[in-house]
Each structure stands twice: as C-alpha cells, then as structure tokens.
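Fold and geometry: a report
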Amino acid sequence: MTACALCELPVEEPVTAPDVDGEFCCRGCLEVARLVDEGEETDLSITDIRERATEEDSELSVPDGAETAYLSVDGMHCQTCEGFIELLAEEESGVHEARASYATEMLRIVFDPDETDRYALAEAVSRLGYRASGPDEEDDSLRSRVEFGKYRAILAAVVMMPVLIPYVLFIYPVYLGIYPESFLYGSTIEAMVFGPLAVWSTLILIGLGYPIFRGAYVSLRVGRPNMDVLIAIAVLAAYGYSMATFLTGGRDPYFDVAVMVLVVVTIGNHVESRVKRAALGNRTDLTDSRASEARRMVDDTTETIDIEACEPGDQLLVKPGERIPVDGTIVEGTAAIDESLVTGESVPQRKSAGDEVLGGTVLTDSALVVEVGPDATSTIDRLVELLWSVKSTDSGVQRLVNRFAVVFVPVVVSLAVLTTAGWLALGNAPSAALLAGVSVLVISCPCSLGIATPLALAAATRDAADNRMLVLNETVLERIDDSDIVVFDKTGTLTTGEMELADIVGGDEVLAMAAAVERRSSHPIADAIDAAAPPTTRSVSEFERADRTVSALVEDTRVVVGHPDSFGAEWTTPGEIEDAVLEAYESGTHPTAVAWDGEVQGLVTVRDTPREDWADVIADLATDDREIVVLTGDDERMTETFATHPAVDQVFSGVRPESKGAIIRGLRERGTTTMVGDGTNDAPALASADLGIAVASGTEIAIEAADAVVMDDRLDAVPELFALAGATRGRIKQNLVWAGAYNAVAIPLAITGVITPLLAALMMAVSSLLVVYNSKRRLIDDSERSMPSGDRPQVQAQPQSN
C-alpha cells in the first residue's frame, strides 16, 4: 500500500492528476500539492510542510512528574515586580520554572513535588513586602488588599496635612510676599515650623515611600528600571536637598515637594489598582471553583484525599452542594448539576449514570458517585491555566514597548541631570535647578506605556467572555485581524451538523438492515439512520469498520453500509440505485448504500441543513479581502451550495479527517490562516492553523486545539470576534499614542520649568489613569460599529460592576 505524497497516510484508492506528481489519499491533499507545485506565494516544498508539522509538535513540555501551582501574589505594583518574584521562586530547590504576571497578580511555578510543595513556595516568595497565597485563599486576600489600599490612600491624604498646613499658613505666604521674611525667619516660628517638618517628612518618607523604594530596588535588581526609580530619585533628591538646607540653616526647604509627590503617587496607584481589577475582571469565581480535596470510596467507607492524589478509575463520592473534584463519569446516582461557570448554561443539567461531568461544577441535589476520568484533571483547572495564558504573556507589541521602557528610564534620568546642570549654568539658583530636574523625573510616565497593551487585551478578553466567546490564546486579539485566509469546516460549522433522514430507496427492510449495523457506529449519518428506524430485536455480531464502510452480521447475513463509491465490481449495483445516487448528490443530500448477498439492495439518504446565517457570516469576513476556503469530506457534488457563493474562493472536497492538518499547513504557506471548526473532530486542523476557532456547544470545547471557542454554537460570533480584535487594536493604538504624546509634550515643559514637581506628579497620575480608563471601557460597542451591517443579532454588553 502506498502513502499519500502530502500527509503520508496510507492510500487505498489513490487520487491523482496529470499535472501533479504523486498519489494522494484525497482530493484536498492533491489540491494543496498543486498549489505548492504552482509556487503561489511560497517557495516551500511538500517535504517542508511535513517538516514544519514535526517542528510544531516539538514544543517544550513540563518535565515528567513535575506539577504546576498557581499562587496569588499581593504587593505587585509594576511589571518589573514580575522578574524579581521569579528570582525569589527560582532560588528554591525543586523549582523548574517560575513565571509571574503583574496583569493578573499571579505566579505560575513548575516544581518537583518530591522536593517542595505549594505552601513552601508561597512562603519563599512572601518576602520584601510581597505575600503569596493559594487560590483557595485568594478571595480573602483580594478583599484585604482592596481594604488596605483604600486605607493607605486615606492615610496618605491625612498624613500630608501636618506638612501642608505649615506651608499654607507660614511658608507660602512668605514666598508670595504676603508676610515679611522676618515673620518666619529669625523668629520663634521658624523653630516651631521647620523642626517638626523635618521629622514628620522623614516619617512619611519611610512609611509611604517604602513600596516605591522597594519597587525601585526590585527593578534595578532585575535590570529593568521603571517608574519607581524615577519617583524614588525625585523624592530623595527633594528630601535630601531640604534636609541639607534645614541642617545648614538655609531658607528654601522643599519637604512639601517630597511629601506631595509621594501622596499623589500613592493615591494614584490605589485608584489605578481598583480600575485595573475592574478592567481585568475578577478571576475569583474560577479559582474558588477549584476543589482541593476529594472523597474517595474504599470498600464500604470513604477517605478524604488531596485532589492531586486522584487516580484514573477512582470512584469519588460527591454530596449535594459540593463541587465535583475532577472530570469523570457518573457510575451511580442521578442529580442536577450547575455547569454555568464552564458552559454558561444557567439552568442546572440533570445527569445520570454514564453521563460525563466536569470538575469544578456544582452538584445541586442528590449525591453521586463519579469515576475519575483517564486524565484525572479538572476542566476548571484547565480554564485557570488558560486564564493565565491569555492575560500573562507579553504580546508582540508589548515586547517592543517593554524594550523601549527599559531604555526610557536611563534617558529620563540623564535628561534630569542635564536639566539641573543647564539651569545652574544659566545662573539660576540651586533650588530652582533642583526643582526643574525633579519635575523632569516625576512627570515622565513609562507606566502608561507599560500598561497600554496588556490592559486593553485583558479588557477585550473580558468582553469576549461576557458574550460567550472564550479567548484561549494570548495573541488571538492581536493576530486574528491579520488573517489572509479563513478556512471553514463544512459539517457542523457551516451546517447545523444535525442529520435527518431524507429518503429511502428499497423499502423499510433497507432502513432496518442499515440501522442494525449503524447502531454500532459513531457518526452523525449513523445516528440519523438509527434515529429514523424502528427498534429491532435482530441479533448483530462481528462488527467491522473499513475505510468508508461499516459491516456486521445481522442474523446470519453480512450487511455492508457505506459510501456508494466503495462498492466496486464485486458488487452488483442496479441502475435505479445508480440514478438515485446521482439525484441525491444533485439535491445536496448524503447517499449511503446498503448491500448484502453481493448486491446493493437500496439507498438511505440524509440531509445536513446549512445554518441560516452562513452566507452572511462568510460575506462579512470576505469584506476585508480575506480568502474564504471551505473544507469538507463530502463529495464535491454536494458542495455546490457553498462553491457557488461569490465570497467563497475555494472548496476542498473529499478530504479525509486525517488529512485536514496537512491541508491547513499547506494553506499557511500562502498567508496567515485561521481555521473555524466545530470543536469536536477538527482538533488537528485547529491546532495546525495559525489561529483556530472552535464553534462549540455545551461541553464540546476543543480547548487543547483551539485558540478561541464560541460557546453558544453561534456562527455569527466568528465575525464578531474578528471585529472585536479590530476594535482592540484600535484601543491599543489610542493608548500608545496618548502615552507617547504625553511624554513628548510634558518632558520639554518640565525642562523649561513651566511645570512644578507637584503639578508633574498630578499629570503623571492622570496620564496613567487615562490609559487605564480607556482600556476599561467596553470594546463591544466599538466592534459592533465596525462590523458590516446585516440581519444577524448583535452582542449585548453586560453591565460593568466595580
């Protein structure tokens, strides 16, 4: 038996063409090989395509026996905290990898469970003001952080009063000429004012300044200087100058500058943190749904074990009100299960013995006995990991911004030094020169650059989730709008996938015989035939499966059911059956031949109805000059409806399921390719594409293969996702333009002395807040305005709760 020249699968009935070398397993592989031979937009060969597939499968994996833990980290207030926390974690024995995320305030650690555990790792990271906790502790930790941040902001406003009041009552009036200098200097008031100011400012510097000084130390430690370095230098410069002036009897201390900058930054950080959490959405619902213990049945008793100790085949007892620990199958009992967090279905689903259940879902009434699935994992655990992937990995734009920010801070420090030196060279007083240099340090805002992209992506991910679109890959919203080719699987994606009986040729006996065999098969056509036939008591044995047929002994007769083309010369096919096959193709139905005793006895045809909105969806996506391709295993005569649509550029018909991945890899050489499938049997193609979208319903979530999942089996959500991505990119550009323009205008003003340090602190805080609020705004309205008009339903945005 030969192998396919493209995908190397075995070929039973080779497909060839005079203009293409080699034999192929299906027409889809042949067409891709023809594209490669013609050299359209690529110089790769078929061998290159196969090698590329091998390279894609060789990604780095977690070491054998290693476990992954997710910790919530309190105290992260900038992206450079990520690198320092990773260093703290990786210093521990048994840690293979540590990745921290400022966006989600989470730490992912891959570790050896024989050397350490999650709790020891949390303790190791909890240093220098950071506090790590497990997901089960996160809700309390989040509340405490919110309360502490609020009180810290209030405290900052209160503690500045003892500094601000003496300036307002005594020092500022003297500066403005309202009081004579003799009113303050050389009088008893001078000692009453400046002594307490020095002491109180020192206490404020230590208390409010600690997080900023720690952030500066952390950023320098990991080689990524950030905004904290600029603020720390500015505050210490103003404080040091003021203290030196006070100790030497000078008259121009600027304790107010040091204290007010700290207060404004502290309050601004708190407000920014609140808005950021609202923009990101609350992940507590997911982390709270991760069960930590299970009740395993042993003989006639139960024992409580850690969730990590569950093994495939274990039977777990789950009581009403509890969460199902891991994915599995019900072996005893019937109960209603709340799957809303995973599937979005608000009504609990009643399930009984033999039904599959998802880890993290809630049992609402009766008790169940659940057998642990083969992977002993939880869907909720996988969703938490996906949440990490979506929000914690730097996108392409963000990587460029991060590199720029690292250079930006040293440049600003240099500008501040040159500004101070320039003012001194021009004959200005040292105090005025210092204020100009401090203003430059304070007003620059690399933080707004750093959060411009991740917050916009996180907010878009939230909007997608609220509208039942689960984004599983961190680059989807940046890359999907660049798709050159959009490939649709036909069955179950462009069609409903719900087969129904259309016609019978040969009478009820043909249907009965076909149903007796197809009951042993698992295929939509088999299900339709089985559902249409009445119950039977005929004995069926020796079931066998071939390439395009199935067969079994029904009573004592060998019955073969399958594709009409599979019945060759050894079978007799009456003329009326051949005519019926042609009529079936012309009418767009699937013909299935039924044969026994050496003759094709009849034909059963089933119909797969196209979705009502398929044409509008394809037209929407084609408006941006994208190439639309339809991929199907059906005969090309059955794809006429799709092939004649003006927006469809190419239809690959007769494609074997195993060949879809190779075809997608071939299309990728012509441009960025997005695959849209039904999320069940399209996993190889979804994984092979640059981006994969699974249109699924209920628990049919191809999480491992797809980059995004439409949870409601809604085809019109696909162009909505494209439009949302376009709106997200627009929001990112707005953020970056604002952040860049702000610095381009504000820094020169500070150099010229137009902006004071206090005003600089206010402007810096407002700049960051504008970026955060712009990211927080819901993108779904923007995306709807950018979508082509049509009759399809619009997504309704959910109310935002802070």
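Notes on the structure follow. As the structure is a computational prediction, the values presented were derived from the model and not from experiment.

Rules of the game
Residues numbered from 1 in each chain as written. Predicted model: local features only at pLDDT ≥ 70, side-chain atom pairs only at ≥ 80, totals over all residues. Heavy atoms only, no water. Phe/Tyr/Trp six-rings, centres within 6.5 Å; stacked < 30°, edge-to-face > 60°. Buried < 20%, exposed > 50% of the residue type's maximum accessible area, 1.4 Å probe, protein only. Helix = DSSP H or I, 4+ residues; strand = E, 2+ residues; numbered from the N terminus. Core = buried A, V, L, I, M, F, W, Y, C linked by side-chain atoms within 4.5 Å. Contact = heavy atoms within 4.5 Å. Pairing = 2+ DSSP bridges. Axes fitted to C-alpha atoms, helices over the stretch in contact; angles between N-to-C directions. Parallel < 35°, antiparallel > 145°, perpendicular 65-115°, else oblique. Left-handed = near helix turned anticlockwise from the far one by under 90°. Nonpolar A, V, L, I, M, F, W, Y, C, P; charged D, E, K, R; others polar. Salt bridge = Lys/Arg side-chain N within 4 Å of Asp/Glu carboxyl O.

It is worth spelling out the packing of aromatic side chains at this point. Taken as a whole, this structure holds four aromatic pairs when the rule is applied. On the numbers, 5.5 Å between centres and 80 degrees between planes, the contact of Phe-567 with Trp-571 is edge-to-face. Here Phe-567 falls in the buried class, since its relative accessible area comes to 9%. Here Trp-738 and Tyr-742 contribute two aromatic rings whose centre-to-centre distance is 6.1 Å and whose plane-to-plane angle is 35 degrees, an arrangement assigned as tilted. Taken together, the positions of Trp-738 and Tyr-742, both in helix α25 (residues 717–751) and four residues apart, correspond to about one turn of that helix. Under the relative-accessibility criterion, Tyr-742 is labelled buried at 7%.

Counting 54 residues, the largest nonpolar core has Leu-197, Ile-231 and Ile-443 as the members making the most contacts within it. For Ile-231, the residues in contact, after removing those within four places along its chain, are Ile-212, Val-261, Val-265, Val-442 and Met-764. Core analysis: the next-biggest nonpolar cluster, separate from the first, contains 36 residues, Leu-621, Ala-622, Ala-647 and Ile-732 among them.

The next subject is the pairing of strand β7 (residues 106–111). Across the six residues that make up β7, a large majority, six, are buried. Taking every second residue as pointing to the same face, both faces of β7 are buried, with Met-106, Arg-108 and Val-110 on one and Leu-107, Ile-109 and Phe-111 on the other. Alignment of strand β5 (residues 67–74) against β7, held across six bridges, turns out to be antiparallel. Bridge assignment links Leu-71 to a residue of β7, and that residue is Leu-107. Bridging between strand β6 (residues 95–101) and β7 involves six bridges; their strand directions are antiparallel. Within β7, the residue paired with Ala-100 across the bridge is Leu-107.

Attention shifts here to the packing of helix α21 (residues 614–622) against α25. α25 packs onto α21 with a crossing angle of 20 degrees between their chain directions and a minimal axis gap of 9 Å. Classified by the angle between their axes, α21 and α25 sit roughly parallel to one another. Both α21 and α25 take part in a crossing whose hand is left-handed. For the pair formed by α21 and α25, the contact residues are Val-617, Asp-620 and Leu-621 on the first element and Val-718, Pro-719 and Phe-722 on the second. Partitioning the contact of α21 with α25 into residue classes produces five nonpolar, no polar and one charged.

On to the sheet that holds strand β16 (residues 362–363). Pairing between the strands of a sheet comes from backbone hydrogen bonds, and it takes one of two forms, parallel or antiparallel. Ordered by their spatial adjacency, three strands build an open sheet running β14-β13-β16, and the pairing between neighbours is antiparallel. Looking along the sheet, the strands with just one partner apiece sit at the ends: β14 (349–351) and β16. Bridging between strand β13 (residues 335–338) and β16 involves two bridges; their strand directions are antiparallel. When the bridges of β16 are listed, Ile-337 appears paired with Leu-363.

Moving on, we get to the sheet that holds strand β20 (residues 500–505). The antiparallel open sheet is built from six strands, whose spatial order is β20-β25-β24-β23-β22-β21. In this open sheet, the two edge strands, each paired with only one partner strand, are β20 and β21 (540–545). Ignoring strand direction, the axes of neighbouring strands in this sheet form an average angle of 20 degrees. As paired strands, strand β22 (residues 549–554) and strand β23 (residues 557–562) are joined by six bridges and run antiparallel to one another.

Our next topic: the environment of Leu-164. If you trace the backbone, Leu-164 turns up in helix α6 (residues 161–175). Expressed as a C-alpha distance, the spacing of Leu-164 and Phe-255, which sit 91 residues apart in the sequence, is 9.3 Å.

Taken as a whole, this structure holds 13 salt bridges when the rule is applied. In this structure, Glu-542 and Arg-558 form a salt bridge, with 3.2 Å as the shortest nitrogen-oxygen distance. Within this pair, whereas Glu-542 is found in strand β21, its partner Arg-558 is found in strand β23, the two being separated by 16 residues in sequence. For Arg-558, a relative accessible area of 26% corresponds to the partly exposed category. Between Arg-714 and Asp-716 there is a salt bridge; the shortest N-O distance is 2.9 Å.

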